[in-house]
Amino acid sequence: MTQSGRDYRDTLNLPKTAFPMRADLPKREPDRVAWWQERATYERRLERNAANEPWILHDGPPYANNEPHVGGLFNMVLKDVFVKVALLDGKHAKFVPGWDMHGLPIELETLKHLGIKDFHAIDPLELRAKCRERALFWLDRQRETRIRMGNFGLWEHPYRTIDPAFEATIVTALADLAEKQQLYKGLRATLWCVHDETALAEAEIEYEPKTSPSIYVRFPADDRQRRAILSRFEAGGGSMPDGLDKPLSVLIWTTTPWTLPANAAIALRPDATYGLYDLGNETLFLAVDRAPDALGERFSEAVLVGRAAGRQFDGLTVRHPLGDRDSQLVLADYVDLETGTGAVHTAPGHGADDFDTGVKYNLPILNPVDAAGRFTIEAGRYAGANIFDANPVIVEDLRAAGALWRVQEYEHSYPHCWRCHNPVIFRATAQWFIAMDQNLLRQRALDAIDAVEYVPPWGKARQRQMIETHPEWCISRQRTWGTPIPALVCRDCGESLLDPAVARIVAKRFGEVGADAWWTDPVESFLPPHFACPKCGGTRFEKERNIVDIWFESGVTHLAVLGRNGLTWPSDAVLEGGDQYRGWFRSSLITGVAIKGRAPYRCVVKNGWVNDEQGRAMSKSLGTGIGAREAMEMWGADVLRLWVASVEFVDDVRFGPHVVEQIGRVYRNLRNRIRFMLSNLDDLDPREVVPPEAMRPLDRLACAVTDAFAGEVRRSYRRFAIHEVYLRVVEFESAMSSLYFDALKDPLYSAAAADPRRRSGQSALLYVLTRFLTALAPVLSFTAEEAWQALAPGLRGDRESIFDTSFEGAQLKREAHAPDAELWETLRSLRARVAASESPRDFEAKVRLDATPATHRRLAALGDGLREALVVSQLELQSVPSTGEPAEGVVAFEMLPADGQKCRRCWKFRELGTDSDYPEICAECAAVVRGLDRTRV
């Protein structure tokens, strides 16, 4: 009986899979997180890798005081990618997440939560208890968010800087530094936040625009001082006119009028030329190079009546314009001639350079400003006023005294506190410092940098710069929430001391009960037997109330975390934002070198900032900020993870809806390719899987190309070149889809289910899928796992999770089946020419190829796989002698209409009617259908 007009679709092997085309990531991903946790997927793989080489990425601790934003997600996903890479590489990649839980960011957030504006208004122990509660609350929130990203780690056992053992490590580190005489307490002009009432480190400073009063001020000379200055001009070779008895003033410039009450000197550049300018009723002293700008409109009338080098005036004095005292002329190389007058107002109590100059010249260190930024009684009539509010008052007093030359507004970049974003000041106070040049610490740190790899490489120069320019490290803070510095004050002589033996007793106690003991335990409990003040021999002490800088706390996390519990010291890598060259990278380096003699990491990886789609810094106030949770609820973690991989992460990157939309298209392509492979493996019995060496040549070639891809991906991952991985994945997916997957569709769909050709193709698909999912797993963790679970259990073997697979995988024996990249590219080129044809198209075509002998042999070895790869109905291949140009390859390509008629089942052009029962289909299809019909009877 003939089958004319029959619908043959039910005789095809149509794709079938539970892996949906629609990802629905925000809804499905939380279930996958729970699945990983229930099965302890990460911990079990760690255990399998336990005997292997360790690879440790040390987590730079985020502050536990808010929700992670997309920038935080960017960094945290990158860390997770590289931990998973090491895991799939067989390494013992133990990742211990950490949190920085002390310090002002948390104290301020807690005070805001409690509705308290002044931290002095709450008992220290009560505030510490509340800060602990808030820090633990935010830790839990951040941990949930990091886990929701699909990140692996020992989440139930993180390191926390508030744990007693950690606080003990911090104090032990201080004891070690004190023992090495690396710590000292000294009076210095340090950065100070008047809003938060504490000293700051350089790493806690951000520069923001500020408008300040720009004033030019006369410092007048009395008769004696005027004669001394004039004589120095003459001594310097200047020609002075007779009878020059007009008032003489040194003209200075400043943008901080509030510092004038603390002025002690005026700094001149020794090699600069200074001039005396006659303006009719007065003479002004300033640098010749600055006169046109400084004198402004009156420069045209000014007459230069004397000139001499700055060094000529060292040690002379002029009068302070607001006080009954002198201001000394001193020399300093830092005086620049780009702004101002070349005569720099110097207040040793309010500037780092000023302080050094004050020490050099034994000037008074005046600091008439309290911790909250109010003038003290030493400021005279300004006492009690806020220093910034006093600026206009001081300007008017200068005007009234005839000392104000000019005033205007000045826009400039000014240091601000990175926490409260208020302007900071320099304020001379006694603080604890790490001496950067004691024991050659600075040089040893610079030397240690040479042994560290930096990604990107220019990070090494940046790190060197941050060490070379690092001032003495101020590690004391005048706040409550932190680890106390175990320093004592002798009640008999007032000497401050940080004794190593005392510190070790304190560390032991902190390890038992925590740092609150500094507030609760009597000072005597921390003293060794017969302890006495080394200065006066006194035995009565009281505890200082400073806490340690949180940069120091985070800077010793390597001591608290690494070198124990299976974690190696130093770590293999650290990965943080570029601001950490002057932050955590630097503080860790200094403490590592000071205490253990080398850097605490082998490789430093830097990621860029996340900006909005216009390249602006992301900001919630501008409507461009977005939280990590919010982003995952909208787009899903895997799309965001793919975005992370798609950019050059060492540079600043852009993020927003349009960026995600573009990445979403790439994700859908990848998902569809995965779905194609899964849907054609539905009926593959594990017992029928064909080993690579027994596969058909085209399938073997696809497996070899997959091996090459997997190897390239692995090498890129190892170099932290995740963007390269992304490009290779996209290119591989495209090549497989346009060549190999198209070639397989005919045998997969139209051959008999158990046909050896079909089973060979299915086995190759399984091979490709397994290696492809392993390559994707560090980035597309959710999708790779979902696809792995969509495979029949027998096809997964004993690998329950995709994270039980390996980059090594079941590779081909390369000596027998080396990837033939040239052959693969030849096939891709030929297939592209077929696909580009308007007519005839694909199965409507017959292709004739002429190839030189070597290429002919490689193509002919594919057998019918060559025709399959080109997706045509017929193929004629013949060898032609090589003519030398080209020396090797396909020398002729022709597309012709295919012979025969179109088979209604497989669509190939074949001779039809050879089987009278199935006249509309070809002989191959007829045999398949006949077998199916018999089984249905």
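See the structure above.
To keep things clear, this report deals only with the structure shown in the data block. As the structure is a computational prediction, the values presented were derived from the model and not from experiment. (Residues numbered from 1 in each chain as written. Predicted model: local features only at pLDDT ≥ 70, side-chain atom pairs only at ≥ 80, totals over all residues. Heavy atoms only, no water.)

Right, let's get into the overall build of the chain. Within the chain, the regular secondary structure consists of 29 helices and 31 strands. Taking 937 residues into account, the globule formula puts the C-alpha radius of gyration at 30 Å, and the chain, at 38 Å, lies well above it. Seen through its C-alpha atoms, the chain measures out along the principal axes to roughly 130 × 75 × 50 Å. Taken over 937 residues, the chain has a buried fraction of 58%. Across the chain, contacts joining residues at least 24 apart in sequence account for 79% of those joining residues at least 6 apart. In the structure as shown, the chain presents an accessible area of about 38,500 Å², 50% of it carried by carbon and sulfur atoms. Side-chain charges in the chain split into 116 positive and 131 negative, and the spacing between the mean points of these groups amounts to 3 Å. (Helix = DSSP H or I, 4+ residues; strand = E, 2+ residues; numbered from the N terminus. Rg over C-alpha atoms; globule rule 2.2 N^0.38 Å. Buried < 20%, exposed > 50% of the residue type's maximum accessible area, 1.4 Å probe, protein only. Contact = heavy atoms within 4.5 Å. Areas by Shrake-Rupley, 256 points an atom, 1.4 Å probe, with all protein chains shown as cover. Lys, Arg positive; Asp, Glu negative; His and termini not counted. Charge placed at Lys NZ, Arg CZ, Asp CG, Glu CD.)

A sheet is described by the order of its strands in space; here 3 strands give the open sequence E28-E27-E29, paired in mixed fashion. Looking at which strands have only one partner, the edges of the open sheet turn out to be strand E28 (874–879) and strand E29 (890–897). Each strand of the sheet is rotated relative to its neighbour by a mean of 15°, with strand direction disregarded. Across 6 bridges, strand E27 (residues 845–851) lies against E28 in parallel orientation. Counterpart to Arg848 in the pairing with E28 is Glu876. Contacts from helix H26 (residues 821–835) reach E27 and E29 within the one sheet, and its direction differs from that of E29 by about 35°. (Pairing = 2+ DSSP bridges. Axes fitted to C-alpha atoms, helices over the stretch in contact; angles between N-to-C directions.)

Right, let's talk about the environment of Lys91 for a bit. Along the chain, Lys91 turns up in the loop between helix H3 (70–88) and strand E1 (98–99). Not counting residues up to four positions away in its chain, the partners in contact with Lys91 are Asn49, Glu53, Trp55 and Ala86.

What follows concerns the environment of Ala265. Of note, Ala265 is situated in strand E7 (residues 265–268). What makes Ala265 buried here is its relative accessible area of 0%. Excluding residues within four positions of it along the chain, Ala265 makes contact with Ser327, Gln328, Val330, Val344, His345, Thr346 and Leu363.

On to the sheet that holds strand E20 (residues 496–497), then. Strand order in the open sheet formed by 3 strands is E20-E19-E21, and the pairing between neighbours is antiparallel. Looking at the sheet topology across the chains shown, the edges are occupied by E20 and strand E21 (541–543). With 3 bridges joining them, strand E19 (residues 488–490) and E21 adopt antiparallel strand pairing. Bridge assignment links Cys490 to a residue of E21, and that residue is Phe541.

Each regular strand shows side chains that alternate between the opposite faces of the sheet. With 5 of its 5 residues buried, strand E9 (residues 283–287) lies for the most part within the structure. As paired elements, strand E6 (residues 248–254) and E9 share 3 bridges and run parallel to each other. Directly across from Ser249, in E9, lies its bridge partner Leu284. The sheet contact formed by strand E8 (residues 273–278) and E9 spans 5 bridges and is antiparallel. Across the sheet, Leu276 pairs through a bridge with Phe285, a residue of E9.

The next subject is the packing of aromatic side chains. As enumerated under the stated definition, the model contains 34 aromatic pairs in all. With a centroid separation of 6.0 Å and 70° between ring planes, the pair formed by Trp36 and Phe803 is classed as edge-to-face. Residue Trp36 is found in helix H1 (residues 25–38), and its partner Phe803 is found in the loop between helix H25 (793–796) and H26; the two are separated by 767 residues along the sequence. For the pair shown, Trp36 and Phe803 are each scored as buried. With a centroid separation of 5.7 Å and an interplanar angle of 35°, the aromatic rings of Phe732 and Phe772 are classed as tilted. Placement of the pair is Phe732 in helix H22 (residues 722–750) and Phe772 in helix H23 (residues 756–776), with a sequence separation of 40 residues. The class of Phe732 is buried, set by a relative accessible area of 5%. Accessibility expressed as a relative area gives 2% for Phe772, which makes it buried. It is Lys543 that lies over the ring of Trp518; its NZ or CZ is 5.6 Å from the centre. (Phe/Tyr/Trp six-rings, centres within 6.5 Å; stacked < 30°, edge-to-face > 60°. Lys NZ or Arg CZ within 6 Å of the ring centre and 35° of its normal.)

Along the chain, the position of Arg479 falls in the loop between strand E18 (476–477) and E19. Looking at Arg479, its side chain comes within polar contact range of the main-chain oxygen of Asp196, at 2.4 Å. Excluding its chain neighbours within four sequence positions, the residues that come into contact with Arg479 are Leu104, Glu107, Leu108, Leu111, Phe119, Asp196, Glu197, Thr198, Arg545 and Ile547. (Polar contact = N/O pair within 3.5 Å; in protein donor to acceptor, adjacent residues only side chain to side chain.)

What follows concerns the pattern of salt bridges. Under the definition given, this model contains 77 salt bridges. The salt bridge involving Glu688 is made with Arg759; its shortest N-O contact spans 3.1 Å. Residue Glu688 is found in the loop between helix H20 (657–679) and helix H21 (697–718), and its partner Arg759 is found in helix H23; the two are separated by 71 residues along the sequence. With a closest N to O distance of 2.4 Å, Asp707 and Arg771 form a salt bridge. You can see Asp707 sitting in helix H21 and its partner Arg771 sitting in helix H23, a full 64 residues away along the chain. (Salt bridge = Lys/Arg side-chain N within 4 Å of Asp/Glu carboxyl O.)

Another point: the environment of Trp609. Within the secondary structure, Trp609 sits in the loop between strand E24 (603–607) and strand E25 (610–611). Given a relative accessible area of 48%, Trp609 falls into the partly exposed group. Counting along the chain gives 116 residues from Trp609 to Val725, while the straight-line C-alpha distance between them is 21 Å. Not counting the four nearest positions on each side in its chain, Trp609 is found in contact with Asp579, Asp651, Asp652 and Val653.

What follows deals with the nonpolar core. Among the nonpolar cores identified, the biggest contains 221 residues, and Phe552, Trp643, Tyr740 and Leu827 are the most heavily contacted of them. Those residues within four positions of Leu827 in sequence are excluded, and the remaining contacts are Leu698, Leu701, Leu739, Leu859, Leu862, Leu866, Ala869 and Leu870. Within the second largest apolar cluster, 54 residues are counted, among which are Ala267, Phe285, Val369 and Leu398. (Core = buried A, V, L, I, M, F, W, Y, C linked by side-chain atoms within 4.5 Å.)

Take the side chain of Thr145 next. Mapped onto the elements of the fold, Thr145 is located in helix H5 (residues 124–148). Residue Thr145 is classed as buried on the basis of its relative accessible area, which comes to 1%. Look past the residues within four positions of Thr145 in its chain and what remains in contact with it is Glu67, Pro68, Ala628, Arg629 and Met632.

Any functional reading would require information that these geometric values do not contain.
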